[in-house]
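Structural characterization, general
As a plain string of letters, each chain reads:
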Amino acid sequence: MLDSWRFLQQDSGFQLYGYVILENYLHLIAASEDLSHDMQRFKSYTAKQIIAHLKQCRSAKLLELLAFFKRTHKQDTTYQVWEAGSHPQIIESEVVMRQKPDYIHQNPVKRDYVDQPEHWRYSSARNYAGQAGLIEVIRAWCVTREAGAPKTAFPSWSLGTSALLVFCAGRRSRLGLY
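Keep in mind that this is a model prediction, so the values were computed, not measured.

Once that is clear, we can look at the overall build of the protein chain. Each helix and strand counted, the protein chain has six helices and seven strands in total. Within the protein chain, the proportion of its 178 residues that are buried is 42%. Of the contacts made within the protein chain by residues no fewer than 6 positions apart, 54% connect residues no fewer than 24 positions apart.

This is how it looks when you write it as structure tokens:
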């Protein structure tokens, strides 16, 4: 997953603001000129990598489950790794944007996996706590367009389940909660 995000950061200007990866889902806060396309690329690449890894490890039971969950209308694939679809939301204020990283970083704590968000290795909570994270994230997500111009919040997402529309520096930018 991290390799895919790094590729998108370099290839298409994908901006990652936060993430949490858990065993059965992930949340991410990101922005892109074409977020929908970038998320499709992310899902496609990571699904292929996960399936290849499971085949290499001969994880027949997991592959059977992924085959079982494949949507019948999808004729071009054998397995269903990611949940299909997304549900757009809008983040219009800095207040809401400040809440999103805190919310996603609390997921491992709420599940009693760790005592503090920054203790979860697969999370940007470390980045926000000033520690080295697994991937570079943008922590300065509020910008001022020009002197005296109002600040506008950036992104937040959770993968596989929803996408966000966020207003960045006065223009609409597709973000996602996947």
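Right, let's talk about the nonpolar core for a bit. Core analysis: the largest hydrophobic core is formed by 17 residues, its most contacted members being W5, F14, L16, Y19 and L28. Every element with two or more residues in this core is listed here: helix 1 (2–12), strand 1 (15–21), strand 2 (26–32) and helix 2 (35–56). Top element by residues in this core is helix 2. It accounts for four residues. Counting residues in hydrophobic clusters, the runner-up holds ten residues, among them I29, M97, I104 and V114.

Burial analysis of strand 1 places six of its seven residues in the buried class, which makes it a mostly covered element. Pairing geometry for strand 1 and strand 2, over six bridges, is antiparallel. Within the sheet, the bridge partner assigned to Y19 lies in strand 2 and is L28. The loop that links strand 1 with its antiparallel partner strand 2 comprises four residues.

Counting buried positions over the seven residues of strand 2 gives seven, a clear majority of the element. Both faces of strand 2 are covered, namely the face carrying L26, L28, A30 and S32 and the face carrying H27, I29 and A31.

Throughout the structure, instances matching the rule amount to four aromatic pairs. With a centroid separation of 5.5 Å and an interplanar angle of 15°, the aromatic rings of W5 and F42 are classed as stacked. Residue W5 is found in helix 1, and its partner F42 is found in helix 2; the two are separated by 37 residues along the sequence. Overall, W5 belongs to the buried group, its relative accessible area being 0%. By relative accessible area, F42 is classed as buried at 0%.

Structurally, S32 can be placed in strand 2. Polar side-chain contacts of S32 include one of 2.4 Å to the side chain of D38.

Note on placement: Q80 falls in the loop between helix 3 (60–68) and strand 3 (89–91). There is a polar contact of 2.4 Å between the side chain of Q80 and the backbone oxygen of W82.

In this section: the environment of Y45. Looking at where Y45 falls in the secondary structure, it is placed in helix 2. The class for Y45 is partly exposed, based on a relative accessible area of 38%. In this structure, the C-alpha to C-alpha distance between Y45 and M1, residues 44 residues apart in sequence, is 8.6 Å.

The next point concerns the pattern of salt bridges. All chains considered together, the criterion is met by four salt bridges. Of the charged contacts, one joins E23 and R111 as a salt bridge, the two residues approaching to 2.4 Å between their closest N and O atoms. One end of the pair, E23, is in the loop between strand 1 and strand 2; the other, R111, is in the loop between helix 5 (107–110) and helix 6 (125–128), and 88 residues separate them in sequence. The class of E23 is exposed, set by a relative accessible area of 54%. R111 gets classed as partly exposed once you look at its relative accessible area, which sits at 30%. For R41, the salt bridge identified is with D38, shortest N-O distance 3.4 Å. Taken as a pair, R41 and D38 lie in helix 2 at a separation of three residues, close to a single helical turn. Under the relative-accessibility criterion, D38 is labelled buried at 2%.

So, how was this worked out
Residues numbered from 1 in each chain as written. Predicted model: local features only at pLDDT ≥ 70, side-chain atom pairs only at ≥ 80, totals over all residues. Heavy atoms only, no water. Helix = DSSP H or I, 4+ residues; strand = E, 2+ residues; numbered from the N terminus. Buried < 20%, exposed > 50% of the residue type's maximum accessible area, 1.4 Å probe, protein only. Contact = heavy atoms within 4.5 Å. Core = buried A, V, L, I, M, F, W, Y, C linked by side-chain atoms within 4.5 Å. Pairing = 2+ DSSP bridges. Phe/Tyr/Trp six-rings, centres within 6.5 Å; stacked < 30°, edge-to-face > 60°. Polar contact = N/O pair within 3.5 Å; in protein donor to acceptor, adjacent residues only side chain to side chain. Salt bridge = Lys/Arg side-chain N within 4 Å of Asp/Glu carboxyl O.

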